[in-house]
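Understanding the architecture of this molecule
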Amino acid sequence: MASKLLLTFAICRLIVTVGLTMDPTELLRLGVYGQLSVDPSDVQTASLDFGMLSRADPWAVLHPASADDITRVVKAAYESEAHGFTVSARGHGHSINGQAQTSNGVVIQMSSSRGRRLGSSTPAALRPHVYEKERYVDVWGGELWIDVLRSTLEHGLAPKSWTDYLYLSVGGTLSNAGISGQAFHQGPQITNVHELDVVTGKGELLTCSEEQNSGLFHAVLGGLGQFGIITRARISLEPAPKRVRWIRVLYSDFSTFTRDQEYLISLHELPASQKFDYVEGFVIVDEGLINNWRSSFFSPRNPVKITSLGTDGGVLYCLEITKNYDESTADTTDQAELKLRSKGLWEVPHPWLNLFIPKSRIADFDKGVFKGILGNKTGGPILIYPMNKHKWDNRSSVVTPDEDVFYLVAFLRSALDNGEEMQSLEYLNHQNREILKFCDEAGIKAKQYLPHYTTQEEWVDHFGDKWGQFYQRKMEFDPRYILATGQRIFKPSFQSSSNMAL
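First things first, this report covers the structure right here in the doc.

The rules we used
Residues numbered from 1 in each chain as written. Predicted model: local features only at pLDDT ≥ 70, side-chain atom pairs only at ≥ 80, totals over all residues. Heavy atoms only, no water. Helix = DSSP H or I, 4+ residues; strand = E, 2+ residues; numbered from the N terminus. Buried < 20%, exposed > 50% of the residue type's maximum accessible area, 1.4 Å probe, protein only. Patch = residues over 30% accessible without salt bridge, like charges linked within 9 Å, V, L, I, M, F, W, Y side chains within 5 Å. Areas by Shrake-Rupley, 256 points an atom, 1.4 Å probe, with all protein chains shown as cover. Salt bridge = Lys/Arg side-chain N within 4 Å of Asp/Glu carboxyl O. Lys, Arg positive; Asp, Glu negative; His and termini not counted. Charge placed at Lys NZ, Arg CZ, Asp CG, Glu CD. Pairing = 2+ DSSP bridges. Axes fitted to C-alpha atoms, helices over the stretch in contact; angles between N-to-C directions. Contact = heavy atoms within 4.5 Å. Arc of directions from axis to C-beta. Polar contact = N/O pair within 3.5 Å; in protein donor to acceptor, adjacent residues only side chain to side chain.

To continue, consider the overall build of the protein chain. Looking only at helices and strands, the protein chain features 15 helices and 17 strands. Relative to its 502 residues, the protein chain shows a buried fraction of 55%.

A separate point is a negative patch on the surface. A cluster of acidic residues, D440, E441, E457, E458 and D461, forms a negative patch on the protein surface. Counting residues per element, the ones that place at least two in the negative patch are helix 13 (425-441) and helix 14 (456-463). Considering every element that reaches the negative patch, the biggest residue donor is helix 14, with three residues. On the secondary structure map, D461 appears in helix 14.

Bringing the sheet that holds strand 3 (residues 86-90) into the picture now. Reading across from one edge, 1-2-4-3 is the order of the four strands in this open sheet, with mixed pairing throughout. Where the open sheet ends on each side, the last strands, each with one partner, are strand 1 (35-37) and strand 3. Between one strand axis and the next, the sheet turns through 25° on average, direction left out of account. Strand direction decides the pairing type here: strand 2 (residues 60-63) and strand 4 (residues 105-109), joined by three bridges, are parallel. The residue of strand 4 that forms the bridge with V61 is V107. Docked against the sheet, helix 3 (residues 40-47) engages strand 1, strand 2, strand 3 and strand 4, running at close to 95° with respect to strand 2. Packing against the sheet, helix 4 (residues 67-79) makes contact with strand 2, strand 3 and strand 4, and its axis sits at approximately 150° to strand 3.

Those residues of helix 3 lying buried are D42, V43, A46 and S47. Summarising the axial view, the buried residues of helix 3 lie within an arc of 130°, below the 170-degree limit, and thus occupy one face.

On to unusual backbone geometry, then. Although it is not a glycine, N213 sits at a positive phi angle of roughly 50°. Note on placement: N213 falls in the loop between strand 9 (205-209) and helix 9 (214-220). Located in the positive-phi region is L450, a residue other than glycine, with phi close to 55°. Counting through the fold element by element, L450 comes out in the loop between strand 17 (447-448) and helix 14.

Looking now at the environment of D402. For D402, the location among the structural elements is in the loop between strand 15 (382-388) and strand 16 (405-411). Since its relative accessible area comes to 73%, D402 is described here as exposed.

Once that is clear, we can look at the environment of W162. Within the fold, W162 resides in the loop between strand 7 (157-159) and helix 7 (170-174). You can call W162 buried: its relative accessible area is 13%. For the pair W162 and L149, spaced 13 residues apart in the sequence, the C-alpha separation amounts to 9.9 Å. Excluding its chain neighbours within four sequence positions, the residues that come into contact with W162 are W145, L149, G178, I179, S180, Q182 and Q189. Within the local environment of W162, its side chain forms a polar contact with the backbone oxygen of P159, the two atoms lying 3.5 Å apart.

Structure representation (C-alpha cells):
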C-alpha cells in the first residue's frame, strides 16, 4: 500500500510538472517493485550524458527492482492507446549525443548510483553469477564491466573481450559492439555472448541465443537499443592472466607503424606463446607532449615535445601491446578518468568522433586528417588500431567496412570554454564535420562507430545493405518505435504515422 501511495504521489507530481497527457491510471496499473521517480535530481541526471551536447528531460525515471519492472513499463507504453510514451534504457550515462535520452517518456536507470551508494547497483537476484566449470558469467544488463571483472577475478577468470574504459554498462556496450585491443583476436564483446534476456518493444521478456530466438539475439547485439532492453547477459570467460607486460613503441613513419600493427594482428591464430594479447595505438600531433593522459615515456619533470624529436609532418604514432602471463587487477582501469578529472576535462562537452576506416585507405586518412585537418592541435587523445573483420559476426546489427582488416580511429576530445578557439566546442564540431566531409569527398568508405545521424537518408547510407533487415527487425520487435528514440532513427508511431527517422 505504501509503495502504491508513493507511486500515486509521483504521478500527480508528474502531471503537474510536465503536463503528462497520457491516462495516469496506465502508470498506476504497472505495479512496479522498484521506484518510479520524478525527483529533480533523478530527472536532471537522466537528461544529460557524458557528451553534454544535448539535453532532454524525461517524464520520470524508473529504478527497476527486476526485469519484470522493465517489462511492465515497456508493455504499458506499447499498449497505450490514446497517448503513448517512449522508453529509453540508460546505463552509466556515457552516451555522447543523447542516445539514451527521451523528452516524452520514461528513462530506465539500469546502472543506479542510488543503488551503488547502498553497496550495489544491481538487483540482488541478478548480481554476477560465475559458472567456473562452464567459464561464463550471468550479469544484469546495467552491471558495470569493472564490477563484472571484480566478480570474475574472485574465481581466477576474466571476460575475453574488453572496452578501454570499464565504467560502462554491459547492456550499453553490447548495444554497440564493445571494442578494445583484444578485438583483433577475441572479437568485439558482442561475439563473446552466449545468451541474453531481452525486453522487446512489445513488453515481452524473452531469452535469446544462437539456438533460441536467434533473430532477436543477433538484432539486439550492436542494435543501438532499437529492438529491446538487455536485462541479462551471459558473458564468456577465460583464465585471468597473473601478470601482464606492457610495451610501448614510438614511430615517426606512419606506414611502418601500420605495417607493424597489421602484422601483429595477423598472428591471432598462432599459439599463445607466439603472439601478443592486446594491440592498440594512438596518435600524437605537433605541440603535443609525449607524456599524456594515456602513456608516459619521459619523466614528468622533464616533458618532451614532439618537435624536439624531428618528426616528419609533426606527428608521432605510438604502438601499445601487451603480453599476458600466468595477477591482473582492476586498480588502474580508471586512471584515464582520474587524469581527465584532474585536468578539468571530464565534466565538459565531449564531441567525440569514432570511425571505422578500411585498411586500404588508412594512409590517405593519415595524410588528409592527422597531417592535414587537425593542424597542430587535437583537443584530446586519438586512438588508432586495426581489427580483423572475420572476428565479427555479420548477423549482428553492427556495420563495418567491407574489407578483411579495418581500423578504429577514435577522436576522444574535450571542449573547453577558456577563450582558445581551437579548444572550443564550435571549433571541434566543425573539425569533426570536416573529417567526415574529407572521407566522403575522398571516397573513403568510413563507418561511424557509436553512430550519430539526424536524417533517415544518413541512416540508410550508414547501414547500406543491412538497412532492409534492420527495418524489418524493428517492425518485428518494436513496431511502435518506443525504444531508444534518442538514437534518432525512428519517430514514435504515436507522434507520426510516418516511419521516417527523426
